Amino acid sequence: MSRPRAIAAAPNDEEMPYSDDETDDELDDELDEGSESEADEPQEADRPAEQQVKANDRAYHQLPEFKKKVFLCIKKSRYSGNAIKTYKYNVITFLPLNLYEQFKRVANIYFLALLILQIIPDISTLPWYTTLIPLVIVLGITAIKDLVDDLARHRMDKEVNNRKCEVLLDGRFKESRWMDIQVGDVVRIKKNDFIPADILLLSSSEPNSLCYVETAELDGETNLKFKMGLRVTDERLQEERELAQFNALIECEEPNNRLDKFTGTMLWDGDRYPLELDNMLLRGCKIRNTDVCHGLVIFAGADTKIMRNGGKTRFKRTKIDELMNYMVYTIFALLILVSAGLAIGHSFWYNDIGANAWYLNDGKSHTTAYRGFLSFWGYIIVLNTMVPISLYVSVEVIRLGQSKFINWDLQMYYSEKDTPAKSRTTTLNEQLGQIQYIFSDKTGTLTQNIMQFKKCTIAGRSYGGPTTSEGVSLDKIKPVDWTWNRHADRKFQFVDHFLVANIKSKKDKDVLEFFKLLSLCHTVMVESKDGELVYQAASPDEGALVTAARNFGFVFLSRTQDTITVSEMGQEATYEMLALLDFNSDRKRMSIILKFPDGRIRLYCKGADTVIYERLSPNTRHKETTQTALDIFANETLRTLCLCYKDISASEFEAWSRRHKEAQLNMVDREAALDRVYEDIEKDLMLIGATAIEDKLQDGVPETIANLAKAGIKIWVLTGDKKETAENIGYSCQLLTDKMQIHYGEDNEILYEKKKKRRRLRLRRLGRRQTPSNPQDPMNEQEKEMRQVDFVNMACECEAVICCRVTPKQKANVVSLVKKYKKAVTLSIGDGANDVNMIKTADIGVGISGQEGMQAVMSSDYAFAQFCYLQRLLLVHGRWSYIRMCKFLRFFFFKNFAFTLVHFWYSFFNGYSSQTAYEDWFITLYNLAYSSLPVLLVGLLDQDVNDDLSLKVPTLYLPGQQGSLFNYKNFFISLFHGIFVSLIIFFIPYGAFLQTMGQDGEAPSDYQSFAVVTASSLIFVVNLQISLDTLYWTFVSCFAVLGSIAIYFGIMFDIHSAGIHVIFPSVFTFTGRVTAQHYCF
């Protein structure tokens, strides 16, 4: 019997408010930072609670109350200048700062300490250059890479800071550089110009001070968005003279990194006006389709939102990284133990033999213990190659190459959108071969996110099936002919002729009201291109609904700040917009309050059925039939929205409007205040009907999910859809089958939001104390944690889980729970801004460049265009990367042990005197030239089976999940393999030379001959061993093995030649004499 699959319902949204996108880790960090700031930086009593900006008054921002302490008594303005600095180094700081950063790595400090030890004559057993040359090469390569990156940042900063912009100075607009702009300046920006700072839009050349912007540099989205100035500034600030006299005071939030939020008020001529994000033009955007606009600089330079988002990226580490670090610590411990043992051996040997042999007298009066102490440090130097200096550099080179292979993979290239796969990180490739859990969004990830209006229910009757104009069902589908509507979108497909007939007859008032609502209740912008209406929608759902209304005769024509104009069955009508209650993921609905041409005031609302049904009037009709239709639509995997309305009296609206304006001017927790006001008006609604939109699965999704499941990967789908819709999508993508046993879980508290943590953070920011927790709380922290553990244990027993009705924050919490309690390697994949939190929380985040912009891609580690490419990313590139990295590490440790431990065996025959078995230049070049390239190529190119077989046999992925190719067992196998090879390499030449006599009657067993034979044996063994382990041979692999051996002999012949000995007798000491003190055969 197959294992059960679970459908997990989400918590109650009303009980668990969420409003931010921080992960739990980020909240922890902010709390920690808050604690430190409270302790270290007490609040100044005279510091304003928010940012204050005075228009056209630079001197105002230099007042003492706007100063902050930077060092001792030195103060400067708290307002940032507009010059940006993203580079890290300058000519003076590059060398010291770069070296400081590199020596924060423990390995580099270790080798620097070795270098210092080698300078001490009594300790040094190796020339200083044997450590200096590899260390300099490693530091040099890293420094060059850092320098190239920083030079690029220097060029970019210079280019940006010297861009031109018109600034209002001395009553006239003058051309100025961006770096000279200051907070409070009024600027003029023209079409196709970049916005130089975060500015408040005052007026533009478009009607109602509309301004179209492209936000590609901000969030990666190329579709145009519109911003709008306040009506008062639009009417009074069009001319240069009027702008020069503008003296408003802006009070707004402190500089922050929230791209989706801005709160402020404008005090001008005694009146206050609310400011929000729609009034702001953010730095990084570009003006489009607008000839000229004027704005007031609110945040400049480092205080702008785009610069605030350029902070530290949370560093993700792989399992192999962590294991590798522990193994390096293990090697270091072994090095200490071996060195200590040999030092003790030297003390005993000197006491018994060395002190009594006249020919070993070095003329120094050191005690036995002190000689043992010196011998310990000498062996630390001799055996230092057990801790490999080039390991980390080699690993980075391999990871860089593997990332390039992902970028170059044509089978992950989506030609329709010219979108290649992109590895946005070089540190996580091998982790792709160890994924145990995948958390996927549904809309736009599993589906295409191309919405099409398919069905609807109006006043209890469902429409959308193939019917005649008389309402008779048809077996054969016949699309509706839209030639009767000159504004219709010809691409729109619909098969219900009866609904069209109802529209044309104008007899069914509910049907007319239904499509009128769709044409009015939205935030879509419209522009005309070649006589055709083109809609710019914030989401594909909204665009599909407005397009549907357009085809059914209710055509949205234009909008201003206060009006919406539509064509209703050929009759143009303009409605006054009194208020717009916008959609967000908290509210799950949007409303608009309109004043009709006949003076009536009506609220139109559309939203999710869960929130709409709670707010319906007891007198509303068709609730049961509409709910039945909604369930049918959900079973057909259609996305649904409920539509409703409410008539409002003039007095009721007047009272509500006053409360609304007060909430708009609230500087503290404005969103919560507005939500309370919205709740007051959005009640006692009358239901009209519901829409059903189709979002088809992407190509290859069922096959991909089936393949990944065979690879032992558990797939969880996290969606905001209804349970029925989510379940049916699960069946259609083969995540669920009829043979599966389904379990439903509806525990409202297992995914409890971190409200207490967020409340502590909010109170700390406001400088208040937290009230003690209530011991009568229904669920304390311990009980909540136990229930979370139970949930994770239950869900992880299932082959797949679908969580429905989840919010963006709850998606991240699900991932956090699995990471926390299962210690599993997780991957999150999504396509929209609502998936960013989940993508950042998982061990690996994958973004799909779909219809919802590029925010998910910009927050991800890997990105591509289609979900089906995920199986290739994991089963091919991930698996290959894991196998290659494991083989590389095993062999790297082996070759270093085989190389280094020859010194250990040699010490038994030289009185434990920390003398080396090889000549100095061989030690220097072994890891740099003689053995590095073959093993590096194995880490880059080796493969056990080709990509086709990797996809056909997904079970080949299992060793990576189990971590069976690289662990402590493999490490000790490499250690014992190295010990065995070092024994053979040392003792066979030793035995051969021990009692050998040449033809001339002299013994050839000198130190030089022994060292050369041992080194040559090591080079042959190591390179032939990697040849035996190589599974995928290429010309490059063959060249690397043969080339490494050839390089060894070429250099060996040079450094052992008589000529180089004559030129550098103190450096190349072998040729011409035998240093008898180095051996005691």
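Numbering of residues begins from 1 in every chain and follows the order in which that chain's sequence is written. Under the rules for a predicted model, residues below a pLDDT of 70 receive no local features and side-chain atom pairs below 80 are neither given nor counted, while totals for whole chains, interfaces and linings still include all residues. Each side-chain value is worked out from all heavy atoms of the structure, with water and hydrogens disregarded.

Visitor: How should the overall build of the chain be read in this particular structure?
Guide: The secondary structure listing takes helices from DSSP runs of H or I that are at least 4 residues long and strands from runs of E that are at least 2 residues long, numbered from the N terminus. Looking only at helices and strands, the chain features 34 helices and 35 strands. Counting the 1081 residues in the chain, one finds 53% classified as buried. The contact criterion used throughout is that any non-hydrogen atoms of two residues lie within 4.5 Å. When contacts within the chain are restricted to residue pairs at least 6 apart in sequence, those whose partners lie at least 24 apart make up 73%. Residue-level accessible areas treat just the shown protein chains as cover; the underlying method is Shrake-Rupley with a 1.4 Å probe. Total accessible area on the chain stands at roughly 49,000 Å², and carbon and sulfur atoms take up 55% of it. Categorising residues by exposure relies on relative accessible area from a 1.4 Å probe, with only protein chains included: less than 20% of the type maximum marks a residue as buried, more than 50% marks it as exposed, and the intermediate range marks it as partly exposed.

Visitor: Hey, could you run me through unusual backbone geometry in this one?
Guide: The phi torsion of most residues other than glycine is negative, and most of the peptide bonds are trans. At Ser-209, a position not held by glycine, the phi torsion is positive, near 55°. Secondary-structure assignment places Ser-209 in the loop between strand E8 (198–204) and strand E9 (210–214). On the basis of relative accessible area, Ser-209 is assigned to the buried category, the value being 0%. One non-glycine residue, Met-569, adopts positive backbone phi at about 50°. Within the fold, Met-569 resides in the loop between strand E24 (563–568) and strand E25 (571–581). Judged by relative accessible area, which is 18%, Met-569 ranks as buried.

Visitor: For this particular structure, what's the right way to read the confidence of the model for the chain?
Guide: Keep in mind that low pLDDT regions are not for reading the predicted coordinates in detail. When pLDDT is averaged along the chain, the result is 83, and 88% of the positions lie at 70 or above. Confidence of the predictor at the level of single residues is given by pLDDT, which spans 0 to 100. Low pLDDT (under 50) marks residues 769–773, which in the prediction has five contacts with non-local residues, meaning those over four places away or in another chain.

Visitor: Before we go on, may I ask you to explain the sheet that holds strand E12 (residues 263–268) in this structure?
Guide: By way of backbone hydrogen bonds, the strands of a sheet pair with one another, either parallel or antiparallel. Spatially, four strands are ordered E2-E11-E12-E13 in an open sheet, and the strand pairing comes out antiparallel. The sheet terminates laterally at strand E2 (51–54) and strand E13 (271–276), the two strands that pair on one side only. Pairwise comparison of adjacent strand axes, ignoring direction, gives a mean angle of 20° for this sheet. Two strands qualify as a pair provided that DSSP identifies no fewer than 2 bridges between them. For E2 and strand E11 (residues 249–252), the ladder comprises four bridges, and the chain directions are antiparallel. Counterpart to Gln-51 in the pairing with E11 is Cys-252. Every angle, taken between N-to-C directions, lies between 0 and 180 degrees, and every axis is a line fitted to C-alpha atoms, over only the stretch in contact when it is a helix.

Visitor: Is there a simple way to explain empty space enclosed by the protein in this structure?
Guide: Picture a little ball the size of a water molecule; that probe, rolled over the atoms, points out where space is still empty. Within this scheme a cavity is a closed region of a 1 Å grid, computed over the protein atoms alone, that accommodates a 1.4 Å probe without allowing it to escape, whereas a pocket is open but has protein on both sides within 12 Å along at least five of seven lines; lining residues each have an atom within 4 Å of a point. Grid points are joined across faces, edges and corners, and a volume is the space filled by probe spheres set on the points. Per the stated rule, a full pass over the model turns up two cavities of 30 Å³ or more. Here the largest cavity defines a volume of roughly 160 Å³. Looking at the largest cavity, it is lined by 16 residues, and the ones nearest its centre are Thr-130, Pro-134, Asn-384, Thr-385 and Ile-389. Every element with two or more residues in the lining of the largest cavity is listed here: helix H4 (129–161) and helix H27 (920–930). When residues of the lining of the largest cavity are assigned to their parent elements, the largest contribution, four residues, is made by H27. Only Asp, Glu, Lys and Arg are considered charged in this grouping, and only Ala, Val, Leu, Ile, Met, Phe, Trp, Tyr, Cys and Pro are considered nonpolar; every other residue, Gly among them, is considered polar. Counted by class, the lining of the largest cavity contains eight nonpolar, eight polar and no charged residues. Of the pockets and cavities examined, the second largest cavity occupies roughly 70 Å³.

Visitor: Teacher, can you tell me more about the sheet that holds strand E16 (residues 292–299) here?
Guide: Taken in spatial order, the six strands of this open sheet run E6-E5-E7-E16-E8-E14, and their pairing is antiparallel. The open sheet has two edge strands with one neighbour each: strand E6 (172–177) and strand E14 (280–281). Sheet analysis places E8 next to E16, joined by six bridges and oriented antiparallel. Along E16, the bridge assignment pairs Ile-199 with Val-297.

Visitor: Would you mind going over the nonpolar core with me for this structure?
Guide: Within this scheme, the nonpolar core is defined by two criteria: the residues are buried Ala, Val, Leu, Ile, Met, Phe, Trp, Tyr or Cys, and they are joined through side-chain atoms within 4.5 Å. Counting 85 residues, the largest nonpolar core has Leu-391, Phe-888, Leu-889, Phe-893, Phe-922 and Leu-1018 as its most contacted members. Once you skip the residues sitting within four places of it in the chain, Phe-888 turns out to touch Leu-391, Ser-394, Val-395, Ile-398, Val-935, Leu-936 and Gly-939. Membership of the second largest hydrophobic core comes to 51 residues, among which are Ala-55, Ala-197, Leu-201 and Val-232.

Visitor: What should I look at first to understand the packing of helix H22 (residues 781–796) against helix H23 (residues 808–822) in this one?
Guide: When two helices pack together, you describe them by how their axes are tilted relative to each other and by the distance separating the axes. Contact geometry of H22 with H23 gives a least axis separation of 10 Å together with a crossing angle of 90°. One finds that H22 runs roughly perpendicular with respect to H23. Taking contact as the criterion, the partners of Glu-785, Gln-788, Val-789, Phe-791, Val-792, Asn-793 and Cys-796 in H22 are, on H23, Leu-817, Tyr-821 and Lys-822. Roughly parallel means an angle under 35 degrees; roughly antiparallel, over 145; roughly perpendicular, 65 to 115; everything else is oblique.

Visitor: So what exactly am I meant to see when it comes to the pattern of salt bridges here?
Guide: Pairing between side chains of opposite charge can happen when the charged atoms of each approach one another. Should a side-chain nitrogen of Lys or Arg be within 4 Å of a carboxyl oxygen of Asp or Glu, the pair is scored as a salt bridge. Scanning the model with the defined rule gives 40 salt bridges in all. Across the salt bridge formed by Arg-188 and Glu-166, the nearest N and O atoms sit 3.2 Å from each other. With Arg-188 in strand E7 (residues 186–190) and Glu-166 in strand E5 (residues 164–169), this residue pair connects regions lying 22 residues apart in the sequence. Residue class for Arg-188 comes out partly exposed when judged on its relative accessible area of 22%.

Visitor: In this structure, what is going on with helix H3 (residues 106–119)? I would like to understand it.
Guide: What sets the pattern is the α-helix's 3.6 residues per turn: residues three or four places apart point alike. Expected span of a helix: the number of residues minus one, times 1.5 Å. The first and last C-alpha atoms of H3 sit 20 Å apart over 14 residues, in line with the 20 Å expected at 1.5 Å per residue. Along its buried surface, H3 packs onto helix H2 (94–102), H4, helix H9 (319–352), helix H10 (368–382) and helix H11 (391–407).

Visitor: What should I look at first to understand the pairing of strand E18 (residues 437–441) in this one?
Guide: Taking burial as the measure, the five residues of E18 include five buried ones, the bulk of the element. Residues Tyr-437, Phe-439 and Asp-441 of E18 are buried on one face, and the alternating residues Ile-438 and Ser-440, pointing to the opposite face, are buried as well. In terms of strand pairing, E18 meets strand E33 (residues 826–830) through four bridges, oriented parallel. From the neighbouring strand, Tyr-437 faces E33, where its bridge partner is Thr-826. When E18 meets strand E30 (residues 714–718), the two strands line up parallel, connected through five bridges. Bridge assignment links Phe-439 to a residue of E30, and that residue is Trp-716.

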